[in-house]
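Summary of structural features
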Amino acid sequence: MEMNFNQHISGQFNADLEAIRNHMMGMGGLVERQVANAIEAICSGDTRLADEVIRREDEVDKLEVAIDHECTQILVRRQPAASDLRMVLAVSRVVRDLERIGDEASKVAFHALEVGDSANTQLCQQAMRYMGAEVVKMISGALDAFTRHDVEGAVEVVRTDKRVDQQYASALRELITYMMEDPRSIGQAINILWILRAIERIGDHARNISEQVIYLVKGTDVRHSSLTEIEEQAKD
Amino acid sequence: MKRRRSAEKRFRVYGLISVLFGLLCLVVLFGDILSKGLAAFSQTVIRTEVVLDADYLGLNKNSSSDEIRAANFEGLLKNHFKEMVQPDGRKERRQLYSMISAGAAWQLIEAVQANPGLIGQAVTFDLIADDDVDQWLKHDRGVEGINTRMSEVQIAWMESWIEQGMLTTRFNTLFFTNGDSREPELAGIHGAIKGTFLTLLVTFLLSFPIGVAAAIYLEEFAPKNRITEIVEININNLAAVPSITFGLLGLAIFINIFGVSRSTPLVGGLVLTLMTLPTIIISGRAAIKAVPPSIREAAFGLGASKVQVVFHHVLPLALPGMLTGTIIGMAQALGETAPLLMIGMIAFVVDVPGFINDPSTVLPVQIFLWSDSPERAFTERTSGAIIVLLGFLVVMNTAAVMLRRRLERRW
Amino acid sequence: MSIIENHTTCGSPLVESPKLTARNVGVFYGEKQAIFDVSLDIGSNEVIALIGPSGCGKSTFLRCLNRMNDTIDICSVTGKIELDNEDIYDPKVDVVPLRARVGMVFQKPNPFPKSIYDNIAYGPRIHGLAHSRVDLDEIVEKSLQRAGLWNEVKDRLHAPGTGLSGGQQQRLCIARTIAVDPEVILMDEPCSALDPIATAKIEELIDELRENYTIAIVTHSMQQAARVSQRTAYFHMGQLIEVNPTDQVFTTPEHSLTEAYITGRFG
């Protein structure tokens, strides 16, 4: 009997777990790039980039189905318990969140095409840039925390989400002011609103991912908890 | 690969050869015994009509048994044969008389005792012939140049009797109803069988309870320590002790110290008990060990005490095995000669023993005694007795197997 | 791998109203110590699963609870085990009634080579529970019903118990244990020799029995422990590592050894 707790008796089991995590990371990388490209497309008015984001959305969907299938396989074949069980469940949930992020990214890209390079592109430009950069950081931060089992990193993502939410609220107020000033721009403003809303949702999903990191490491389910509760959980 | 295969083949051939050799030995042994011994089950008789002359015998229809026994039936027979063949001179007369067994007169006595009404009548008897006549008829007749104990004139008489249908063979009931005798044609194994039966009865009654009790104690109750270990080793060694040693022991202890009368089934049984005990204990312990521990556990788990576990569960399950071991031990005892020689069961005993304190002999010893006798007819009887003994052994071993089959339950 | 120095059991080994309490129990086979300082409560009407790698002492511990280890000469038990606050290792305690109160079901179905009826009736007979034939019939029927076997065997009560299928035999053994009306039932890997359907039936039965009895079950199947028990105790090298509610043990075990065992990282 060997005291190597990192290795299963079954090497195949190890490999399977390793595989879903790596596939999830690969998917995460793709989704992260999608988000970055969508933001870039909207900010620079690059319609080609936006087209590409929409085109690659399909890839993300396929990855979700494939990884979910792998998770099911592990559940059926290995009946994982404890940390393995949490790993499989977390991956399965993270993959769903990643797919949603992918959806939101393609939504952003879609609206980027709508908005085109019309005069009002400048509207809320800064907020979009700022929020976009934040959520991209959040996605990579959550995924890093996942690989490193880093609870503190996960909590940091939750904190960032809070900032993004504040940013969203203030951008919303800005848009409302703008629409009141100039009712002709309402159509355009609603497009911008959708984009901001999508970016904010991406932030929420990134937060969900980091909550799964806490579940993975601590075993406590912190979904739908406030930041202070999460910080509390992360401490002990 | 090729070499391994040929080695395998070679080994199989060796095995087959040894099995065949064993079978061959068995066939030769059985063939020899059967060919010699089967003749013992038939007996030559002289069928003749004897006039039971009331005047000569001095008897009448109301004579008592004692009077009949005292009457001169032997003389009557001698006269009967003298008149029949007209021997010439004393030598021939003596030769004639020697052809009729001493038991022939007893045949007449018994017949008359059973029915005194026969006196004065002419009655046909199958009179037992002497063993020399018997052997001549069975083996020597018509064989050229054989060295027979019969003289020319005797042979001439016999040939004429055969022509008249007087000299025939019939099934030898005497072999099974008589005790031992100096006269081969009268010697039987009844006494030996009864002695054997009584001896084995004593052996069984003593060794089975003692053996089973010892096996249970050693297996279930005895603490596992040095002393029990020594006891165990000694029991195993006891099974390997030469049997004649047990005879010496019996002689020294039972006869000399306890004063049990010698050559009785009682002392024989005691000695054989000593011999069979190790077998029974060892097989009994094996049978107890074979009872699955799960049964014990189940009973313990229900709160049964040790004694309850042993008597409700272990013993019933082990009993078939114990019985088989016992029967095999008894079969061993059945064939044992050496220890019985030491305690005097080799004595020549004519009477059939009635109870365990009557002097008696047993089958294997009887065989030993007869095989030592010079008469040719005894050789035949030796083999006959061996056949009977083997028959008993086969029956006992079959019984052991059948008993186990019937009682053994799967668990 | 060696024992852990100064280990205290993780989780909640003690409960509010225990049926059986073990305090600082140690078991020795001659010189060799098999159980180290185990303290564990078994609550009324709960099913507690004892899990752990082979040779971890879970069966040994289970057997201490009705003094089955008494049958092994060299085995000695230290510490204290109480059934309803009564020390079962007190020299004044008679094991016969104790084993009637704390029944045991074994790994291999081990019906006596007797009829189904006699198998069940044996316990009541030796404990004098039945005063008449009618009483006995009633006990046999009730026990078989409780073990869910009555309908299958009612027409052949006098057929040999060994003629039943493995699962039926095991339920017969459970019925036999129930027949002496125990308070606690100890089960030592009761399903390890059974097929999945028979196993499912036994598990169902365990769930039903929980209403009336307290059950401690040793199992090698973690899934089984997860399915049938309310609390799970993990043994390792003779030490009680962790005791926690079953769902917690199987999702977020406290101790890394428990984690390693139930995730299959050693075994």
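Quick caveat: nothing in here was measured; it's all calculated off a predicted structure. (Residues numbered from 1 in each chain as written. Chains lettered and ligands numbered in written order. Predicted model: local features only at pLDDT ≥ 70, side-chain atom pairs only at ≥ 80, totals over all residues.)

1. A closer look at the overall build of chain C
Counting its regular elements, chain C contains 10 helices and 11 strands. Over its C-alpha atoms chain C spans a radius of gyration of 18 Å, differing by no more than 12% from the 18 Å that the globule rule assigns to 267 residues. In terms of overall dimensions, chain C has a C-alpha envelope of 55 × 45 × 35 Å along the principal axes. In chain C, buried positions account for 50% of the 267 residues. Restricting the contact set of chain C to residue pairs at least 6 apart, pairs at least 24 apart contribute 70%. (Helix = DSSP H or I, 4+ residues; strand = E, 2+ residues; numbered from the N terminus. Rg over C-alpha atoms; globule rule 2.2 N^0.38 Å. Buried ≥ 20, exposed ≤ 12 C-beta atoms within 10 Å, placed from the backbone. Contact = placed C-beta atoms within 7 Å.)

2. Description of the overall build of chain B
Counting its secondary structure elements, chain B contains 18 helices and 3 strands. By principal-axis analysis of the C-alpha atoms, chain B measures approximately 90 × 70 × 40 Å. The burial tally for chain B puts 38% of its 411 residues in the buried class. Of the contacts made within chain B by residues no fewer than 6 positions apart, 78% connect residues no fewer than 24 positions apart.

3. Details of unusual backbone geometry
The backbone phi angle of Gln79(A) is positive, close to 40°, even though this residue is not glycine. Here Gln79(A) lies in the loop between helix H2 (47-78) and helix H3 (82-115). Of note in this structure, Asp37(C) is not a glycine but carries a positive phi near 45°. You can see Asp37(C) is positioned in strand S3 (residues 32-43).

4. Remarks on the packing of helix H4 (residues 73-85) of chain B against helix H6 (residues 103-114) of chain B
All names here are of chain B. Closest axis-to-axis distance for the H4/H6 pair is 9 Å, and the angle between their directions is 115°. Taken together, the axes of H4 and H6 are roughly perpendicular relative to one another. Considering only the axes of H4 and H6, their crossing is right-handed. Of the residues in H6, those in contact with Phe 73, Glu 74 and Leu 77 of H4 are Ala 104, Ala 105, Leu 108 and Ile 109. (Axes fitted to C-alpha atoms, helices over the stretch in contact; angles between N-to-C directions. Parallel < 35°, antiparallel > 145°, perpendicular 65-115°, else oblique. Left-handed = near helix turned anticlockwise from the far one by under 90°.)

5. Some words on the pairing of strand S4 (residues 47-51) of chain C
All names here are of chain C. With 5 of 5 residues buried, S4 lies mostly within the body of the structure. Here S4 shows two buried faces, one formed by Val 47, Ala 49 and Ile 51 and the other by Ile 48 and Leu 50. As defined by bridge partners, S4 adjoins strand S9 (residues 214-218) across 4 bridges and the pair is classed as parallel. Bridge pairing links Leu 50 to Val 218 in S9. In this structure, S4 lies alongside strand S10 (residues 231-236), joined through 4 bridges in parallel fashion. Note that in S10 the partner of Ala 49 across the bridge is Thr 232. (Pairing = 2+ DSSP bridges.)

6. Looking at the nonpolar core
Among the nonpolar cores identified, the biggest contains 214 residues, and Ala38(A) and Ala142(A) are the most heavily contacted of them. In terms of residue count, H3(A) provides more of this core than any other element does, 16 residues in total. In contact with Ala38(A), other than residues within four places in its own chain, are Ala50(A), Val53(A), Ala105(A), Val108(A), Ala109(A) and Ala112(A). Within the second largest apolar cluster, 28 residues are counted, among which are Ile46(B), Ile68(B), Phe73(B) and Trp136(B). (Core = buried A, V, L, I, M, F, W, Y, C linked by C-beta atoms within 7 Å.)

7. Brief notes about the domain arrangement of chain B
Residue and element names in this part refer to chain B. Each domain of chain B was delimited in the assignment, giving domain 1 (39-172) and domain 2 (190-407). Domain 1 and domain 2 are separated by 45 Å when their C-alpha centres are compared. Contacts between the two partners involve 6 residues from domain 1, matched on the other side by 7 residues from domain 2. Classifying every residue of the side of domain 1 that touches domain 2 gives 3 nonpolar, 1 polar and 2 charged. (Domains from an automatic or database assignment. Nonpolar A, V, L, I, M, F, W, Y, C, P; charged D, E, K, R; others polar.)

8. A closer look at the interface of chain B and chain C
Each partner contributes residues to the interface: chain B has 17 residues there, and chain C has 22 residues. For the side of chain B that touches chain C, the element with the most residues is helix H14 (residues 293-301) of chain B, which contributes 6 residues. A per-class count over the side of chain B that touches chain C returns 7 nonpolar, 6 polar and 4 charged.

9. Here we look at helix H10 (residues 190-221) of chain B
The terminal C-alpha atoms of H10(B), which comprises 32 residues, lie 45 Å apart, in line with the 46 Å expected from a rise of 1.5 Å per residue. At Ser207(B), H10(B) shows its largest kink, close to 25°, and the proline Pro209(B) lies no more than four residues downstream. (Expected span 1.5 Å × (residues − 1). Bend = angle between axes of the 7 residues up to and from the residue.)

10. As for the sheet that holds strand S7 (residues 102-105) of chain C
Reading across from one edge, S1-S11-S10-S4-S9-S8-S7 (chain C) is the order of the 7 strands in this open sheet, with mixed pairing throughout. Both edges of this open sheet fall to strand S1 (10-11) and S7 of chain C, since each of them pairs with a single strand only.

11. Looking at the UniProt feature "domain: ABC transporter" (unreviewed entry) in chain C
When the UniProt feature table is mapped onto this chain, "domain: ABC transporter" (unreviewed entry) is found at residues 20-262 of chain C. Between the first and last C-alpha atoms of residues 20-262 of chain C the distance is 26 Å; the span itself is 38% helix and 27% strand. (UniProt positions renumbered as here; feature names shortened; annotations may be inferred.)

12. Considering the sheet that holds strand S5 (residues 75-83) of chain C
Residue and element names in this part refer to chain C. Ordered in space as S3-S2-S5-S6, the 4 strands form an open sheet in which the pairing is antiparallel. Of all the strands in the sheet, the pair left with one neighbour each is S3 and strand S6 (86-87). Here strand S2 (residues 18-29) pairs with S3 via 8 bridges, running antiparallel. Directly across from Ala 22, in S3, lies its bridge partner Leu 40.

13. Digging into the environment of Gln366(B)
The topology assignment puts Gln366(B) in helix H17 (residues 363-371). Apart from residues lying up to four places away in sequence, Gln366(B) is in contact with Asp180(B), Ile189(B), Ala192(B), Thr361(B) and Ala385(B).

14. Notes on the interface of chain A and chain C
Taken together, the contact between chain A and chain C spans 18 residues of the former and 16 residues of the latter. Here the side of chain A that touches chain C gets 5 residues from one element, more than from any other, and that element is H3(A).

15. Concerning the confidence of the model for chain C
Taken as a whole, chain C shows an average pLDDT of 88; of its residues, 98% reach a score of 70 or greater. Scoring of the predicted complex yields 0.71 for pTM and 0.81 for ipTM. (pLDDT = per-residue confidence, 0-100.)

16. Section: the packing of helix H5 (residues 151-181) of chain A against helix H6 (residues 186-218) of chain A
All names here are of chain A. Orientation of H5 relative to H6, taken along the N-to-C sense of each, is 165°, at an axis distance of 9 Å. Of the possible angle classes, the one that applies to H5 and H6 is roughly antiparallel. Between H5 and H6 the crossing geometry is left-handed. Within the contact of H5 with H6, the residues separate by chemical class into 19 nonpolar, 2 polar and 6 charged.

17. A few points about the pairing of S7(C)
All names here are of chain C. Here S7 shows no split at all, with Val 102 and Met 104 on one side and Gly 103 and Val 105 on the other all buried. In this structure, S7 lies alongside strand S8 (residues 184-188), joined through 4 bridges in parallel fashion. Each residue of the ladder has a partner; that of Met 104, found in S8, is Leu 186.

18. Some remarks on the environment of Ile195(A)
All names here are of chain A. Of note, Ile 195 is situated in helix H6. In this structure, the C-alpha to C-alpha distance between Ile 195 and Gly 45, residues 150 residues apart in sequence, is 13 Å. When near neighbours in sequence (up to four residues on either side) are disregarded, Ile 195 contacts Ile 42, Val 108, His 111 and Met 128.

19. Side note on helix H7 (residues 196-209) of chain C
Residues and elements named next belong to chain C. Over its 14 residues, H7 runs 20 Å from end to end, which matches the ideal 20 Å to within 8%, given 1.5 Å per residue. Buried within H7 are the following residues: Thr 199, Ile 202, Leu 205, Ile 206 and Leu 209. Taken end-on, H7 shows its buried residues confined to a sector of 120°, consistent with a single buried face. Turned more than 90 degrees away from the buried face of H7 sit Pro 196 and Ile 197, all of them exposed. On the buried face of H7, the contacting elements are S4, helix H6 (166-179), S8, S9 and helix H8 (222-228). (Arc of directions from axis to C-beta.)

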